[in-house]
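# Residue-level structural notes
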Amino acid sequence: MATPHVILNDIKKIYKGTASADVVAVNGISLEIPHGQFLSIMGPSGSGKSTLLHIIGGLTNATEGTVTIDGTLLNGMSDRKLTLFRRKNIGVVFQAFNLISTLTAEENIMLPILAGYQDKEIDNTKLHKGLDELLGRLQLTSRRRHYPDALSGGEQQRVAIARALLLDFATNTHGSLLLADEPTGNLDSANGDIICKLLRQLCDERHHTMVVVTHEPSVAAWTDRIVTLKDGAILSDLPNAKPGK
Ligand code: ADP
Ligand code: MG
């Protein structure tokens, strides 16, 4: 059997309280995520979903247990090595809006790349081709030259998602690990569906592995597998035979 993309082995995360008691946010979670799987993490507020996602992404260290991504053990890596590993191997889809009001939708989407935040050199033709494709799939083509204050909340969030995915489209990357914390948070179902459909396509077409935290069953319905947490532990882990709307 192929090595899983993500292996969590008996992960615990304890936030040490100073004035208050310690908080056990994750309490012994083991999980294997195969390459190309679209997995959702559900569960009530405070059940440890975001903490677990941060641990998978190497953004938070587990107090106990090991994290292995694509055969590489993250435990014990220096901060510098971990940062480089993350940049190369893990994408974070969720971005707080933070759109710049004096830039159009497409300028906002291109900003991280034009500002050179990415390490890779990107061919200008591919960049524009990727941008056009992404705008089309997120139904933003007719809104590309609008400024954020002329966009609806849902459109603004789609612009933020496009910004997070442009590098992927411009370089036609395959097989990445993408993490998203409530990517459709507070959106109506039409907006949520546009985003979920794109994430589903990224798994199907490019064999990305996707882990999405959500409290919405309508989002989880798009995924291959639904892991539900309660009090920092796995309550259920169920396959979804017919992912889609
Ligand atoms: P969820 O995303 O499911 O709502 P979280 O992972 O954000 O849950 O939080 C799990 C538990 O850990 C909660 O009790 C929360 O208050 C606590 N927690 C989260 N982050 C911190 C932190 N940085 N410091 C202390 N406690 C935290
Ligand atoms: Mg959360």
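Scroll up a little and you will see the structure.
A brief look at the structure comes next.

## Focus: the overall build of the protein
- Helix and strand counts for the protein come out as 7 helices and 10 strands.
- Taking the principal axes of the C-alpha coordinates as reference, the protein spans close to 50 × 45 × 35 Å.
- Looking at the 245 residues of the protein, the share that counts as buried comes to 49%.
- Within the protein, contacts between residues separated by at least 24 positions form 71% of all contacts whose residues are at least 6 apart in sequence.
- As presented, the protein carries roughly 12100 Å² of accessible surface, and 51% of it is formed by carbon and sulfur atoms.

## Structural notes on the environment of Asn98
- Mapped onto the fold, Asn98 is located in the loop between strand E6 (90-92) and helix H3 (105-114).
- Relative accessible area serves as the criterion here: at 59%, Asn98 is assigned to the exposed category.
- Through-space distance from the C-alpha of Asn98 to that of Gln156 is 9.3 Å; in sequence the pair is 58 residues apart.

## Re helix H5 (residues 153-171)
- The end-to-end C-alpha separation of H5 is 28 Å, in line with the 27 Å expected for 19 residues at 1.5 Å each.
- The largest bend in H5 amounts to roughly 50° and is located at Leu165.
- Counted residue by residue, H5 has 16 buried out of 19 residues, so it is predominantly covered.
- Phi for Asn172, located one or two positions after H5, is positive at around 50°.

## Let's talk about the sheet that holds strand E10 (residues 233-239)
- Reading across the sheet, the 6 strands line up as E6-E7-E8-E3-E9-E10 and stay open at both edges, with mixed pairing between neighbours. Two strands bound the open sheet, and with one partner strand each, they are E6 and E10. Strand-to-strand twist of the sheet, defined as the mean angle between neighbouring strand axes without regard to direction, takes the value 20°.
- As defined by bridge partners, strand E7 (residues 177-181) adjoins strand E8 (residues 209-213) across 5 bridges and the pair is classed as parallel. The residue bridging Leu179 from the neighbouring strand is Val211, located in E8.
- Together, strand E3 (38-42), E6, E7, E8 and strand E9 (225-230) form the strand contacts of helix H1 (residues 49-56), whose direction differs from that of E7 by roughly 155°.

The rules we used
Residues numbered from 1 in each chain as written. Chains lettered and ligands numbered in written order. Predicted model: local features only at pLDDT ≥ 70, side-chain atom pairs only at ≥ 80, totals over all residues. Heavy atoms only, no water. Helix = DSSP H or I, 4+ residues; strand = E, 2+ residues; numbered from the N terminus. Buried < 20%, exposed > 50% of the residue type's maximum accessible area, 1.4 Å probe, protein only. Contact = heavy atoms within 4.5 Å. Areas by Shrake-Rupley, 256 points an atom, 1.4 Å probe, with all protein chains shown as cover. Expected span 1.5 Å × (residues − 1). Bend = angle between axes of the 7 residues up to and from the residue. Pairing = 2+ DSSP bridges. Axes fitted to C-alpha atoms, helices over the stretch in contact; angles between N-to-C directions.

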